[in-house]
Amino acid sequence: MATMVLIRHGRTTANATGVLAGRTPGVELDETGRAQAQRAGERLAGVPLAAVVTSPMLRCCQTAEAVLAQQPAPPVLETDDGVTECDYGDWQGGALKDLAGEPLWRTVQTQPSAVTFPGGESMAGMQARAVAAVRRLDARVEAEHGPGAVWAVVSHGDIIKSVLADALGLHLDLFQRIGVDPASISMVRYTEQRPYVLASNTHAGDLAWLAPTPDTDAAEGAAVGGGAGPDEPVPARPGGSPGSAAPLG
């Protein structure tokens, strides 16, 4: 089976100032975000990526370009609307500290499946189109490049959280339990039996162990007892931010 690498865009000027950027055009990586994106690319430099697909939002395109710059033989960058940011409607461009006072904020935190942003998208609809997009892309990559292919998608926090929740078999109402920080890397492998979440919200560690080997798909299903894992994995440090409420975007 192919392996999907999920990369959140690096920190932006909106992230740094506590603004919900949403689909606002022209939101760029700040200096910290550019360094984060470069580091993500360095972590994946030893992994030949068969494809890199990005949200059309500028911050994601900039992050994807930083990843591709570290690839010895980079594929052509693709954009896909299926992995674009959630349409936050009237909330777009608002200060998070102000939005936290809205009655809907509590529902976003506790029952996101019931949320439709005023003038925007439902969170259930967001998850459905994102999961459909990555599964479609994953199947295409595997068909074109073989079952050991590794590919990357660069997207947004809520999008990646919703994809991880689906892969973990979690109801959308539990997706706020998942952390996805700027420029973090998560990994999912879809199989006929089930999805496998290989890692979530990692910030450090060489990922060259992801590169396909002749026996990448030698075994089907989950190994009883946990299996031996890759030959020489480099530990990846999980990240996370303290706080009682999950940020949007």
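Residue numbers run consecutively from 1 along every chain, following the written order of its sequence. Only residues with pLDDT of 70 or above have their local features reported here, since the model is predicted, and side-chain atom pairs are shown and tallied only from 80 upward, although totals for entire chains, interfaces and linings are computed over all residues. To obtain the side-chain values, all non-hydrogen atoms of the structure were included, while hydrogens and water were left out.

Draft legend 1. Summary view of the overall build of the protein. Strands are runs of DSSP state E lasting at least 2 residues, helices are runs of H or I lasting at least 4, and numbering of each runs from the N terminus. Helix and strand counts for the protein stand at 7 helices and 6 strands. Shown N-terminal to C-terminal, the secondary structure of the protein runs as helices and strands in the order β-α-α-β-α-β-α-α-α-β-α-β-β. Each residue gets one of three labels from its accessible area relative to the maximum for its type: buried under 20%, exposed over 50%, partly exposed in between, using a 1.4 Å probe on protein chains only. Per-residue burial over the protein gives 48% buried out of 249 residues. Whether two residues touch is decided by their heavy atoms; if any such pair falls within 4.5 Å, the residues are in contact. Looking at the protein alone, contacts between residues at least 24 apart form 76% of all its contacts between residues at least 6 apart. On the protein, roughly 11,200 Å² of surface is accessible, and the fraction owed to carbon and sulfur atoms is 52%. Per-residue accessibility takes into account occlusion by the displayed protein chains alone, with areas from the Shrake-Rupley method and a 1.4 Å probe.

Draft legend 2. Up close: the pairing of strand S2 (residues 49-54). Counting buried positions over the 6 residues of S2 gives 5, a clear majority of the element. Strands are treated as partners if at least two bridges between them are detected by DSSP. Note that S2 and strand S4 (residues 150-155) share 4 bridges and pair parallel. When the bridges of S4 are listed, Val52 appears paired with Ala152. Where S2 lies against strand S3 (residues 77-79), 3 bridges are found, and the strand directions are parallel. By the bridge assignment, Val52 is partnered in S3 with Leu77. Look down the strands so they point away from you; if the path from the first strand over the helix to the second goes clockwise, the crossover is right-handed. Note on the crossover from S2 through helix H3 (residues 58-68) to S3: the handedness is right-handed.

Draft legend 3. Representation of the packing of helix H6 (residues 123-145) against helix H7 (residues 157-168) within the structure. Axis lines are fitted through C-alpha atoms, for helices just across the contact stretch, and the angle between N-to-C directions can take any value from 0 to 180 degrees. Direction vectors running N to C along H6 and H7 enclose 75°, while the axes themselves pass 9 Å from each other. In terms of orientation, H6 lies roughly perpendicular with respect to H7. Along the contact surface, H6 presents Met123, Met126, Gln127, Arg129, Ala130, Val131, Val134 and Arg135, while H7 presents Asp158, Ile159, Ser162, Val163, Ala165 and Asp166. By residue class, the composition of the contact of H6 with H7 is 8 nonpolar, 2 polar and 4 charged. Orientation categories follow fixed angle ranges, with anything under 35 degrees roughly parallel, anything over 145 roughly antiparallel, 65 to 115 roughly perpendicular, and all other angles oblique. Lys, Arg, Asp and Glu make up the charged group, whereas Ala, Val, Leu, Ile, Met, Phe, Trp, Tyr, Cys and Pro make up the nonpolar group; the residues left over, Gly among them, are polar.

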